[in-house]
Amino acid sequence: MQYISTRGEVSALTFGDVLLTGLASDGGLYVPQAWPELLTGEPPSGVLSWNPDEGSYADLAAEVMWPFVEGVYARHRFEEIVGDAYVRFDHPDVVPMVEVGDGIWLMELFYGPTLAFKDIALQLVGRLFAEELQRRGSQVTIVGATSGDTGSAAIEAVKDRPNIQIVILHPHGRVSDVQRRQMTTVDSPNVHNVAIEGTFDDCQDLVKAMFGDTAFRNEQRLSAVNSINWARVMAQMVYYVAAAQRLGNEVVSFCVPTGNFGNVFAGYAAQQMGLAVSRFVVASNRNDILTQFFTSGTMTIGEVYSTLSPSMDIQVSSNLERLLFELLGRDGRSTARLLKDFRVAGQMRISESIREVLRGSWVGIKVDDETTLQTIAACYRDSGKIIDPHTAVGLTAARRSHVQGEGAMVVMATAHPAKFADTVQSAIGCSVPVPSALAGLVDRPERYEVFPNDLKTVKAHVARCATGLV
Ligand SMILES: *Cc1c(COP(=O)(O)O)cnc(C)c1O
């Protein structure tokens, strides 16, 4: 399997290179040259051999991901790495499902070490990084931006690994206390936290600018693990397949609380491989650029608002580029033009014919904070289930868009409610039990630097961290 850039100006790479490179040097994102066929024909005649009653989640993961890494690893070694990635998950099903009424299911993606869905991809990606670097005898500096959950999941995945330094930028004062402490209390010499005086989009722009500077990027051996990294999308495809298989391989719809569009794009990727999906519901908070996109075909960059679901406080969803590339017939030049215009003008519009393709299978729904709190309360009252604000945005959108008789709708439950305990408590009127993963967090010392939103300052700091001496 070779990987190409969505902007079509760089040559194809193998999985190992794509893993370590992250963003392509033409500014594009890597995607597989062709989608392998995993499931053929009408369900349930798929070629997948996984049986949800017998096989483990790791078995399924190895099977689904194999075509993307074949030739890079020996099969048994890949299975070993994948198996190891999911041992730290605190549930035998890794990603269990519960029904919350009316054919709507929650797929709980938060049993990993940092209690958010990002662990599912990053626990694997950290191990693949270590393997690849060891094989090459080289080292990297991972630089990433986080709106809250990516940072801790990435740090947890690579802490104490030789050959990796990790620098994580988060927007100062715009992540929850728990989210910050999960990053800043990790006591490992290779972990470097930076709070930027700005928004998540500012952090993401700083990271993009560092990667865009080829000399700097090569000198510091920069590498990325944010959701633009193909390996993360690859790991996230697996649970879409698991959901459908567990529901008897029927046609399902998915509702995904969305920020950077990585999670829901993984569902789309699974669909490209043959998974029968009826609709994707893209759920957003007040930061509704994606709702605009799916309802009107236009996107206008606006201000970023702080909401009760901070991991979705994003205005520019990087992974949407991968979907646009597909919609534009995998034409890198058109994709590049569209995105460059968007950057310059702050606005873009897709053609009527593309809107027609999206209509029916993609829905965008925006949910405000007040409704989010009401949904948390109603879900607790009706089912006894405590959900986090991101999941509540998803559940609200699912209920609004779910049509009776259309089949099951699976909502991606992206975080454990204890990560957003204050918000959840205010909605349900009682405290959220603290899982063992968070016990003792407030007592540990924090380590982080605060910097202005200034590229030069941040670059100098990254260069110091890359030496491994600070
Ligand atoms: C990251 C995150 C999201 C958004 O996921 P994307 O892949 O960026 O769309 C939603 N909910 C939670 C809890 C998250 O951590």
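A brief report on the enclosed structure follows. (Residues numbered from 1 in each chain as written. Predicted model: local features only at pLDDT ≥ 70, side-chain atom pairs only at ≥ 80, totals over all residues. Heavy atoms only, no water.)

1. Considering the overall build of the protein
Right, on to step 1. Check the secondary structure of the protein and you find 18 helices and 15 strands.
Right, on to step 2. Over its C-alpha trace the protein gives a radius of gyration of 21 Å, about what one expects of a compact globule, namely 23 Å for 470 residues.
Right, on to step 3. Oriented by its inertia axes, the alpha-carbon framework of the protein measures out at about 60 × 50 × 50 Å.
Right, on to step 4. Each of the 470 residues in the protein was classed as buried or not, and the buried ones make up 61%.
Right, on to step 5. Contacts in the protein between residues at least 24 apart in sequence constitute 75% of all its contacts with a sequence separation of at least 6. (Helix = DSSP H or I, 4+ residues; strand = E, 2+ residues; numbered from the N terminus. Rg over C-alpha atoms; globule rule 2.2 N^0.38 Å. Buried < 20%, exposed > 50% of the residue type's maximum accessible area, 1.4 Å probe, protein only. Contact = heavy atoms within 4.5 Å.)

2. Focus on the side chain of S152
Right, on to step 1. Its location among the elements puts S152 in helix α5 (residues 149–158).
Right, on to step 2. Leaving out residues up to four positions away in the same chain, S152 has contacts with T114, Q182, M183 and K419.

3. Quick notes on the nonpolar core
Right, on to step 1. The biggest cluster of nonpolar side chains holds 136 residues, and the ones touching the most others in it are Y86 and F254.
Right, on to step 2. Top contributing element to this core by residue count: helix α9 (residues 230–246), with 13 residues.
Right, on to step 3. F254 has contacts with Y240, A243, L275, V277, R279, F280, V281, M409, V410 and M412, leaving out every residue within four places of it along the chain.
Right, on to step 4. Grouped together as the second largest cluster of nonpolar side chains are 23 residues, L29, V143, F216 and C465 included. (Core = buried A, V, L, I, M, F, W, Y, C linked by side-chain atoms within 4.5 Å.)

4. A word on the site of the ligand
Right, on to step 1. Close to the ligand lie 15 residues, the nearest being K118, D149, G259, N260 and T414.
Right, on to step 2. Within the backbone of G259, one N or O atom sits 2.8 Å away from an oxygen atom of the ligand.
Right, on to step 3. Here G262 contributes a backbone N or O atom positioned 3.3 Å from an oxygen atom of the ligand.
Right, on to step 4. Here the ligand has 390 Å² of accessible area as a free molecule, and 97% of this is covered by the chains.
Right, on to step 5. Split into classes, the residues belonging to the shell around the ligand amount to five nonpolar, eight polar and two charged. (Near = heavy atom within 4 Å. Polar contact = N/O pair within 3.5 Å; in protein donor to acceptor, adjacent residues only side chain to side chain. Areas by Shrake-Rupley, 256 points an atom, 1.4 Å probe, with all protein chains shown as cover. Nonpolar A, V, L, I, M, F, W, Y, C, P; charged D, E, K, R; others polar.)

5. Quick look at the pairing of strand β7 (residues 191–197)
Right, on to step 1. Counting buried positions along β7 yields six of seven residues, so the element is predominantly enclosed.
Right, on to step 2. As paired elements, strand β6 (residues 164–171) and β7 share six bridges and run parallel to each other. Residue pairing for β7: P171 is matched across the bridge by I196.
Right, on to step 3. Direction of pairing for β7 relative to strand β15 (residues 449–452): parallel, over a ladder of four bridges. (Pairing = 2+ DSSP bridges.)

6. As for the packing of helix α7 (residues 200–212) against helix α18 (residues 455–466)
Right, on to step 1. For the pair α7 and α18, the least separation of the axes is 11 Å and the interaxial angle reads 65°. It follows that α7 is roughly perpendicular to α18 by the angle criterion. Read as a crossing pair, α7 and α18 show a hand that is right-handed. Note on element contacts: α18 touches α7 through L455, V458, K459 and V462, opposite L206, A209 and M210.
Right, on to step 2. Within the contact of α7 with α18, the residues separate by chemical class into six nonpolar, no polar and one charged. (Axes fitted to C-alpha atoms, helices over the stretch in contact; angles between N-to-C directions. Parallel < 35°, antiparallel > 145°, perpendicular 65-115°, else oblique. Left-handed = near helix turned anticlockwise from the far one by under 90°.)

7. Examining the pattern of salt bridges
Right, on to step 1. Going through the model one piece at a time under the given rule, you end up with 26 salt bridges.
Right, on to step 2. Between D177 and R180 there is a salt bridge whose closest N-O contact spans 3.3 Å. Of this pair, D177 and R180 both sit in helix α6 (residues 177–184), three residues apart, which is roughly one turn of the helix. (Salt bridge = Lys/Arg side-chain N within 4 Å of Asp/Glu carboxyl O.)

8. Some points on the packing of aromatic side chains
Right, on to step 1. Under the definition given, this model contains 21 aromatic pairs.
Right, on to step 2. The ring of Y305 carries the charged tip of R286 above its face, separated from the ring centre by 3.5 Å.
Right, on to step 3. One cation-aromatic arrangement involves K459 over F216; the distance from NZ or CZ to the ring centre is 5.2 Å. (Phe/Tyr/Trp six-rings, centres within 6.5 Å; stacked < 30°, edge-to-face > 60°. Lys NZ or Arg CZ within 6 Å of the ring centre and 35° of its normal.)

9. A few points about unusual backbone geometry
Right, on to step 1. Unlike most non-glycine residues, N163 shows phi in positive territory, near 75°.
Right, on to step 2. Along the polypeptide, N163 turns up in the loop between α5 and β6.
Right, on to step 3. For N163, a relative accessible area of 33% puts it in the partly exposed group.
Right, on to step 4. Positioned with a positive phi, F261 is a non-glycine residue whose angle comes to about 75°.

10. Side note on the pairing of strand β9 (residues 252–257)
Right, on to step 1. Along β9, six of the six residues are buried, which leaves the element largely enclosed by surrounding structure.
Right, on to step 2. A two-sided burial pattern is seen for β9, the buried positions comprising V252, F254 and V256 on one face and S253, C255 and P257 on the other.
Right, on to step 3. As defined by bridge partners, β9 adjoins strand β10 (residues 277–284) across five bridges and the pair is classed as parallel. Within β10, the residue paired with V256 across the bridge is V282.
Right, on to step 4. With helix α10 (residues 262–272) bridging β9 and its parallel neighbour β10, the resulting β-α-β unit is right-handed.
Right, on to step 5. As defined by bridge partners, β9 adjoins strand β14 (residues 409–413) across three bridges and the pair is classed as parallel. Note that in β14 the partner of C255 across the bridge is V411. (Right-handed = clockwise from strand over helix to strand, strands pointing away.)

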